[in-house]
Amino acid sequence: LLISDPTDPRLSDFRNVPDPELLKRRGVFVAEGRLVVRRLLAESPYATRAVMVTEPAHAALADVLGTRPDLPVYVVSPAVMKEVSGFNIHRGCLAVGERPHPMAWQQAVADARTVVLLERVANADNIGGIFRNAAAFGARGVLLDEESADPLYRKAIRTSMGAALVVRFARVASAALALWELRRAGLATVALTPAASAATIRSTMDALGARPVVVALGHEGEGLTPAALEACEFHARIPISSSVDSLNVAAAAAIALYECSRRIV
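Bear in mind the structure is a predicted one, so any value in this text is a computation, not a measurement.

Enquirer: It is not clear to me how empty space enclosed by the protein should be interpreted in this structure. Could you clarify?
Expert: It is the rolling of a water-molecule-sized probe over the atoms that shows where space remains empty. Summed over the entire model, instances satisfying the criterion amount to one cavity of 30 Å³ or more. In this model, the largest cavity occupies a volume close to 60 Å³. As for the largest cavity, its lining consists of Val17, Pro20, Leu23, Lys24, Val30, Arg99, Asp150, Leu152, Tyr153 and Arg154. Top contributing element to the lining of the largest cavity by residue count: helix α1 (residues 20-25), with three residues. Among the residues making up the lining of the largest cavity, the classes are represented as six nonpolar, no polar and four charged.

Enquirer: What's the story with unusual backbone geometry in this structure? I'm lost.
Expert: Most peptide bonds take the trans form, and the phi angle of most residues other than glycine is negative. We note that Asn16 has phi near 55°; this positive angle belongs to a residue other than glycine. Within the element layout of this structure, Asn16 appears in the segment before α1. Of note in the backbone geometry, Arg120 takes a positive phi value of approximately 60° without being a glycine. For Arg120, a relative accessible area of 17% translates into the label buried.

Enquirer: Honestly, a nonpolar patch on the surface in this entry has me stumped. Any pointers?
Expert: Residues Ile240, Val244, Leu247 and Ile255 make up a contiguous nonpolar surface patch of about 270 Å² in total accessible area. Within the secondary structure, Ile240 is located in the loop between β11 (234-237) and α12 (249-262). The exposure class assigned to Ile240 is partly exposed, which follows from its relative accessible area of 37%.

Enquirer: In this structure, what is going on with the layout of surface pockets? I would like to understand it.
Expert: The space that makes up the largest pocket amounts to roughly 470 Å³. Contributing to the lining of the largest pocket are 25 residues, with Leu192, Thr193, Pro194, Ser246 and Leu247 lying nearest its centre. In terms of residue class, the lining of the largest pocket is built from 13 nonpolar, eight polar and four charged. A volume near 380 Å³ is recorded for the second largest pocket. Considering each element in turn, the lining of the second largest pocket owes the most residues, four residues, to strand β7 (residues 168-172). When its residues are assigned to classes, the lining of the second largest pocket shows eleven nonpolar, one polar and five charged.

Enquirer: Help me understand the nonpolar core, please; the structure alone is not making it clear to me.
Expert: As a rule of thumb, nonpolar side chains are buried together in soluble globular proteins. Residues Leu118, Phe131, Val142, Leu165 and Leu217 are the most contacted members of the largest nonpolar core, which totals 56 residues. The element that contributes the greatest number of residues to this core is α12, accounting for seven residues.

Enquirer: Can you help me understand the side chain of Thr54 in this one?
Expert: Tracing the sequence through the fold places Thr54 in the loop between β2 (48-53) and α3 (55-60). Among residues more than four places away in sequence, those in contact with Thr54 are Val75, Val76, Ser77, Pro78, Met81 and Gly92.

Enquirer: Looking at this structure, how should I read the packing of aromatic side chains?
Expert: The geometry of an aromatic ring pair is captured by two quantities: the separation of the ring centres and the angle between the planes. Summed over all chains, the structure comprises three aromatic pairs. Taking 5.9 Å as the distance between ring centres and 70° as the angle between the ring planes, the aromatic pair formed by Phe29 and Tyr46 counts as edge-to-face. Residue Phe29 is found in strand β1 (residues 28-32), and its partner Tyr46 is found in the loop between α2 (34-42) and β2; the two are separated by 17 residues along the sequence. Like Phe29, the residue Tyr46 is buried in the burial classification. Here the aromatic rings of Phe131 and Phe169 are separated by 5.9 Å at their centres, their planes lie at 85°, and the arrangement is edge-to-face. Here the residue Phe131 occupies a position in helix α7 (residues 124-136), and Phe169 occupies one in strand β7, the gap between them amounting to 38 residues. Residue Phe131 is classed as buried on the basis of its relative accessible area of 0%.

Parameters and conventions
- Residues numbered from 1 in each chain as written.
- Predicted model: local features only at pLDDT ≥ 70, side-chain atom pairs only at ≥ 80, totals over all residues.
- Heavy atoms only, no water.
- 1 Å grid on protein atoms, 1.4 Å probe; cavity = no way out; pocket = protein on both sides within 12 Å on 5 of 7 lines; lining within 4 Å.
- Points joined across faces, edges and corners; volume = space filled by probe spheres on them.
- Helix = DSSP H or I, 4+ residues; strand = E, 2+ residues; numbered from the N terminus.
- Nonpolar A, V, L, I, M, F, W, Y, C, P; charged D, E, K, R; others polar.
- Buried < 20%, exposed > 50% of the residue type's maximum accessible area, 1.4 Å probe, protein only.
- Patch = residues over 30% accessible without salt bridge, like charges linked within 9 Å, V, L, I, M, F, W, Y side chains within 5 Å.
- Areas by Shrake-Rupley, 256 points an atom, 1.4 Å probe, with all protein chains shown as cover.
- Salt bridge = Lys/Arg side-chain N within 4 Å of Asp/Glu carboxyl O.
- Core = buried A, V, L, I, M, F, W, Y, C linked by side-chain atoms within 4.5 Å.
- Contact = heavy atoms within 4.5 Å.
- Phe/Tyr/Trp six-rings, centres within 6.5 Å; stacked < 30°, edge-to-face > 60°.

What follows is the structure, encoded as structure tokens:
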């Protein structure tokens, strides 16, 4: 459907996109960019409410849009898109998805061999990077405490290259309590820490055999809380130069998940 009027009520879902709290109250999220929207339409379990695209983006997504004949697709000019959404859209493509109902965290990781647990990871770019790493190295679920950033925030989705729309996730009330429960269930709970007393991540993963693993990562500046560290069966570090105190949490997640993936047959 071609739309030239930015006040057209059919575009109402796409208004005030930069306001994440407003989007959450409306029960929606926004996916931005052709690759991300393609993943939403082709791979994600989340429902898509509508798509707004420029003509070039419409042509680029014609194959996947053609499989969704009942989906409203609004074709607009770049100027109309900017006026409606409130910012310059990456590659002329936006989709509005419906936020899923919260899932019990036990259900989110029920059959996972590799789980990522995040405590107080506050930066949306880091959240997106960690979800991208989780998808790349085969982690089947991500658990986040209430202080961690929203995986369905537009920036997190974009940074994840759409992985936040595909990898299952759930919130936990307490990272430490969830770690204790996972540990009692037989999963190897591995806390990432820069502490010199910790074993290396490679030796830790090599010693775990076929056990399912939870990789726990914490706040960008302070790391995991003492309670979360205590709840973990293993503490592991990534060997780095003494001139650097720690790695970015998303980079650390990538290395840890790679080491974890090496032992999975």
